[in-house]
Amino acid sequence: MTDNIYWIWFSSLNKMSVIKKKAIIEYFGHPEMLYKARREDVERAKILKPKECDAIFAMKDLKKAEKAKHFIKEQHIALITIQDEDYPRKLRTIYDPPVLLYALGDTTLLQRDLTIAMVGSRKASVNALHEATKFGTALSKMGITIVSGLAAGIDGASHEGAIKHLGSTIAVMGTGINRCYPRSNQKIYQKIAQKGLILSEYFMDEPPLAFHFPQRNRIISGLSDGLLVVEAREKSGALITAKMALEQGRSVYVIPQNIETPSARGSNQLMKDGAKIVTEPKDILEEYVITVEDLKKSQKKPSDDNNELKKTGDPVQDKILNYIAQGYNTREQLLYVMQMTIAELNGILSMMELNDLIVLKFDQLYLI
Amino acid sequence: MLSKILSCGLAGVDGYKITVECDVSNGLPVFSLVGLPDAAVKESRERVYSAIKNSGYKYPMKRITVNMAPAETRKEGPSFDLPIAIGILQASLQIESDQLDKCLLVGELSLGGEIKPVKGILPIVLAARKDQITKVIIPFENRQEAAVVEGLSIYPAKNLSQVVNHFKNVSSIYAYKTSIKQNLLHQIQTHTMDFAEVKGQANAKRALEVSAAGAHNVLMQGPPGSGKTLLAKAFPSILPSLTLEEALEITKIYSVAGYLKDDHLMMTRPFRSPHHTISGIALIGGGRIPKPGEVSLAHLGVLFLDELPEFKKSVLEVLRQPLEDQKVTITRVNASLTFPAAFMLIASMNPCKCGYYGDPEHECTCTESEIRAYQHRISGPLLDRIDIHIHVPTLKFEELESMQIEESSESIRKRVNQARQLQNKRYASEKGIYFNAQLTPRMISKYCYLGEQEKAFMKKVYSKMNLSARGYHRILKLARTIADLLGEETLSIQHLSEAVQYRVLDQIEGR
């Protein structure tokens, strides 16, 4: 860990690729050397093009870094450089590791043995959101750290599930660490800052630019042992993460979704390409069974969630649950098979909603 | 000589008595008109001159002064032609009658002396009755509209000489009578759409039934082509029948606005569906001399706003006050007028810009922020005033083609009528309250009494659904209406749990 002003200055250089940044650090040894180097020395390194050199010399001003340093201290944000002991081991092995990470929260999470990344669509189906929360909770209960990207939809649901019961989770941001994006995730951002860990390779206040997100995806997969794709569209960010995970030698898992759902076409394609299909959390665990000793104990619990339909004690509600499971998931269809009036049906649906048996969204009924 | 003729002007949807005084005296031939006349009234002089001449009477070539009292209100429109002409004829001693000062006259004159129909006859005749005037002479073509008011004689006149002969006792005009009771009984329900024609959508239909029974406002959300507009168009067919007083009130507004068709009493509840490019003034009413807007034209009927988020935001916000007060007060330099606006709002919208957010069949192409921005176009305070929120899904082909027989509007309306009668009886002692939608929190605790079990149920709902106090009251009001539809006085869990299904859509509330 460091609070070196030159490191902070170095991280604010945004005209240089990650690979070049890494090479510069290897060549100069420390950003301070770069800062104090003459132009000839920098050019002699033959890493940077003249234009990029110009950019560096144009930005030779420590004022911004000074301000950032003050802020970091105030907010208890840690700086982890690639030269530090506590730089995450797994991340060091990838092709283009970030030279510097801003970290807010519990940095010991970076040293955990087993980490699984969870990614998916921002506009996910109700079922997928539910699965994300369920897997997040179940996996984190087994002591696995969940890594995700704090985006809307699946990412948020995974974090939410992980943090719900003392679980640990890491959020990798595509913006500066002090900026919550999207704003709708403000609550979960604060929760993770308190109980989990928030990471970013970007300088303070960096806006959510489009190219940041595929870039940060390499960190998500790089930090983890395996990647779970909950639901992904075609050409989505989640698929980019899956591609990177494969390049980095991580396993890819997919939860199968309805083949009709447009938001699951990409993840279903991954299965065709050979990703491992998981239908319950222990399917992931069995891959790492040596790492996790208490597997046997926890193995039984999560599988309980996946047993047969719940019994409600009310014959009519049982019947409705049964029909929903068979795919009669609109009011119109239920009315037809149940032969009751809409007034009666609406009353029963409210009861079932209250008892957490079903979820109603856009007039579609879903089992929980 | 001086003459005094009674006539009537309009302020908003109410008439008020105007005395037209004519003085003909020796001097240079001058016509002067005083008493704040507008352009149309000033032009009376030319019409009156020609009409008198062409009807075979003599226009006095003397100094003529016409005053319209009270002098401080602005007079508009051509309906004073007839009283001015008769006034001049009386002042120049061409008519002598003791009947004239008990009679109220209105009508526009053509150059040939024919009497043309005018706007606002119904409020004028109602005002005349209030002022205990027993005889009214009105244009022939307005006779149907005028005759719905009972308790005074209506004399429809076709031309100026008919009126003059009537007062000269040469030949009388026959008083016109019609039986409105009969008219109302034979009310032909000519609705273009019937609920039986709308396939499926049981949930939306039920929600509209509840809405009609308790006068609750409705917001329908759903993808394009799901049938929101169709449902809204069929909605008037399940509304309760009009009472005589209601019919008169609606007719008054249409009469003033000049929209009365066939000069009949308005027999059906109005259904107004303005286009979303409408301006705030057109919606709420206005103009130099204020005219009723769409909200008033929808009085006691339905205001249907299709594609709600496409309306200008400022236009939607003006709806807040009439939704709350059920009337609009429009103030201009010349007048401050109050129009009634007790309408039911039926609104429809797509869930997002492309329309397919949440649709299981189509993919939505909007970004998250676009969806949020779209739903943000409707403000919280406006949503707060809408009791029922429903999602109208697209139907599958099999559902559209199903041979199931749907319930007709007729039989739904029977239940609605029953529920309205119950409410009328219950709220007889509360001033200005006619239906459940109007209940205030104080009245809710009085009329929506919950037993122990029901209280426990609502407590669960309150915490589970993250309700606000307003959301809580909304459910109670809806449950009240649902119980009324069943003819039950006490609220049960069954009523409450059904009402829960019509709550504010999550995707809107959690925006």
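These figures come from a predicted structure and were not determined experimentally.

> Any chance you could break down the overall build of chain B for me, citing the residues and the numbers?
Scanning chain B from N- to C-terminus turns up 23 helices and 18 strands. Expressed along its principal axes, the backbone C-alpha trace of chain B runs to roughly 85 × 45 × 45 Å. Going through the 511 residues of chain B one by one, you find that 54% of them count as buried. When contacts within chain B are restricted to residue pairs at least 6 apart in sequence, those whose partners lie at least 24 apart make up 73%. Separation of charge centres in chain B, based on 62 positive and 55 negative side chains, amounts to 5 Å.

> Let's hear about the interface of chain B and chain A: which residues, and what values?
Listed per partner, the contact involves 35 residues of chain B and 27 residues of chain A. At the junction of chain B with chain A, the criterion picks out 2 salt bridges. For Arg503(B), the salt bridge goes to Glu353(A), with nearest N and O atoms at 3.1 Å. Within the residue set of the side of chain B that touches chain A, elements represented by two or more residues are helix H8 (202-214), helix H15 (368-376), helix H20 (452-464), helix H22 (493-500) and helix H23 (506-509) of chain B.

> Could you give an account of the nonpolar core, naming the residues involved and the relevant values?
All names here are of chain B. By size, the foremost hydrophobic cluster in this structure holds 64 residues, and its most contacted members are Leu-104, Val-295, Leu-303, Leu-305, Leu-308, Leu-319 and Phe-343. Sort the elements by how many residues they give to this core and helix H10 (residues 244-257) lands first, with 8 residues. When neighbours within four sequence positions are excluded, Leu-303 is seen to be in contact with Arg-272, Pro-274, Glu-294, Val-295, Ala-298, Leu-319, Phe-343, Met-344, Leu-345 and Ile-346. The next biggest cluster of nonpolar side chains, apart from the first, holds 55 residues, and it includes Met-193, Ala-232, Ile-238 and Phe-457.

> Explain the sheet that holds strand S4 (residues 145-148) of chain A residue by residue, including any values.
All names here are of chain A. Pairing is mixed in the open sheet, where 9 strands are placed in the order S1-S2-S6-S5-S4-S3-S7-S8-S9. With partners counted over all chains shown, the strands left at the sheet margins are strand S1 (77-81) and strand S9 (276-277), one partner each. Docked against the sheet, helix H10 (residues 186-195) engages strand S2 (100-105), strand S5 (169-172) and strand S6 (197-200), running at close to 105 degrees with respect to S6.

> Quick one: what's the story with unusual backbone geometry, residue by residue and with numbers?
Cis peptide bonds are those with omega within 30 degrees of zero, and the linkage from Tyr181(A) to Pro182(A) qualifies with -5 degrees. Position of Pro182(A) among the secondary structure elements: in the loop between S5 and H10. For the peptide bond that leads from Ala69(B) to Pro70(B), omega is 0 degrees, which places it in the cis range. As for its placement among the helices and strands, Pro70(B) is situated in the loop between strand S4 (63-69) and helix H3 (81-91). Look at Gln339(A): it is not a glycine, yet its phi comes out positive at around 55 degrees. Within the element layout of this structure, Gln339(A) appears in the loop between helix H17 (331-338) and helix H18 (342-354).

> I'd like to hear about the packing of aromatic side chains, residue by residue, with values.
Each pair of aromatic rings is reported with the distance of its centres and the angle of its planes. Residue and element names in this part refer to chain B. One pass over the structure, following the stated rule, counts 11 aromatic pairs over all chains. A centroid spacing of 5.9 Å and a plane angle of 25 degrees characterise the contact between Phe-271 and Phe-304, whose relative ring orientation is stacked. Of this pair, Phe-271 sits in strand S11 (residues 271-272) while Phe-304 sits in strand S14 (residues 302-305), and the two are 33 residues apart along the sequence. We classify Phe-271 as partly exposed; its relative accessible area is 24%.

> Would you mind going over the sheet that holds strand S18 (residues 388-391) of chain B in detail, with residue names and values included?
Residue and element names in this part refer to chain B. Strands sit in the order S11-S14-S17-S10-S18 across an open sheet of 5 strands; the sheet is parallel. Edge positions in the sheet fall to S11 and S18, since each of these pairs with one other strand and no more. As judged from the 4 bridges shared by strand S10 (residues 218-221) and S18, these two strands associate in the parallel manner. If you follow Gln-221 over to S18, its bridge partner there is His-391.

> Explain the packing of H17(A) against H18(A) residue by residue, including any values.
Residue and element names in this part refer to chain A. In the contact formed by H17 and H18, the axes pass within 10 Å of each other and the chain directions differ by 115 degrees. With respect to each other, H17 and H18 are oriented roughly perpendicular. Pair H17 / H18 crosses with right-handed handedness. Across the interface between the two elements, Arg-331, Leu-334 and Leu-335 of H17 pack against Ile-342, Leu-345, Asn-346 and Leu-349 of H18. Residues of the contact of H17 with H18, tallied by class, amount to 5 nonpolar, 1 polar and 1 charged.

> A description of the side chain of Ser11(A) should follow, citing residues and the corresponding values.
Residues and elements named next belong to chain A. Mapped onto the elements, Ser-11 comes out in helix H1 (residues 5-11). Polar side-chain contacts of Ser-11 include one of 2.9 Å to the backbone oxygen of Ile-8. In terms of polar contacts, Ser-11 uses its side chain to reach the side chain of Tyr-102, at 2.6 Å.

> Can you break down the pattern of salt bridges residue by residue, with the values?
All names here are of chain B. In the structure shown here, the tally under the stated rule is 38 salt bridges over all chains. Between Glu-76 and Lys-291 there is a salt bridge whose closest N-O contact spans 3.9 Å. Of this pair, Glu-76 sits in the loop between S4 and H3 while Lys-291 sits in strand S13 (residues 291-292), placing them 215 residues apart in sequence. We classify Glu-76 as partly exposed; its relative accessible area is 32%. In this structure Lys-291 comes out as partly exposed when scored by relative accessible area, which is 31%. Bridged by salt links that share partners, the residues Arg-206, Glu-209, Glu-407, Arg-415 and Glu-498 form one connected network.

> So what's going on with the confidence of the model for chain B? Residues and values would help.
On average, residues of chain B score 87 in pLDDT, and 94% of them reach the 70 mark or higher. The complex prediction reports pTM at 0.74, with the ipTM value standing at 0.76.

> Can you lay out helix H18 (residues 409-426) of chain B for me, pointing to particular residues and giving the numbers?
Residue and element names in this part refer to chain B. Along its 18 residues, H18 runs 26 Å from first to last C-alpha, staying within 8% of the 26 Å computed at 1.5 Å per residue. The set of residues buried in H18 consists of Ser-409, Ile-412, Arg-413, Val-416, Ala-419, Arg-420, Gln-423 and Arg-426. End-on view of H18: buried residues confined to an arc of 140 degrees, all on one side of the axis. Opposite the buried face of H18, by more than 90 degrees, sit the exposed residues Lys-414, Gln-421 and Lys-425. Looking at the buried side of H18, the elements it contacts are H8, strand S17 (344-349), helix H19 (441-447) and helix H21 (469-485).

What counts, and where the lines are drawn
- Residues numbered from 1 in each chain as written.
- Chains lettered and ligands numbered in written order.
- Predicted model: local features only at pLDDT ≥ 70, side-chain atom pairs only at ≥ 80, totals over all residues.
- Heavy atoms only, no water.
- Helix = DSSP H or I, 4+ residues; strand = E, 2+ residues; numbered from the N terminus.
- Buried < 20%, exposed > 50% of the residue type's maximum accessible area, 1.4 Å probe, protein only.
- Contact = heavy atoms within 4.5 Å.
- Lys, Arg positive; Asp, Glu negative; His and termini not counted.
- Charge placed at Lys NZ, Arg CZ, Asp CG, Glu CD.
- Salt bridge = Lys/Arg side-chain N within 4 Å of Asp/Glu carboxyl O.
- Core = buried A, V, L, I, M, F, W, Y, C linked by side-chain atoms within 4.5 Å.
- Pairing = 2+ DSSP bridges.
- Axes fitted to C-alpha atoms, helices over the stretch in contact; angles between N-to-C directions.
- Phe/Tyr/Trp six-rings, centres within 6.5 Å; stacked < 30°, edge-to-face > 60°.
- Parallel < 35°, antiparallel > 145°, perpendicular 65-115°, else oblique.
- Left-handed = near helix turned anticlockwise from the far one by under 90°.
- Nonpolar A, V, L, I, M, F, W, Y, C, P; charged D, E, K, R; others polar.
- Polar contact = N/O pair within 3.5 Å; in protein donor to acceptor, adjacent residues only side chain to side chain.
- pLDDT = per-residue confidence, 0-100.
- Expected span 1.5 Å × (residues − 1).
- Arc of directions from axis to C-beta.

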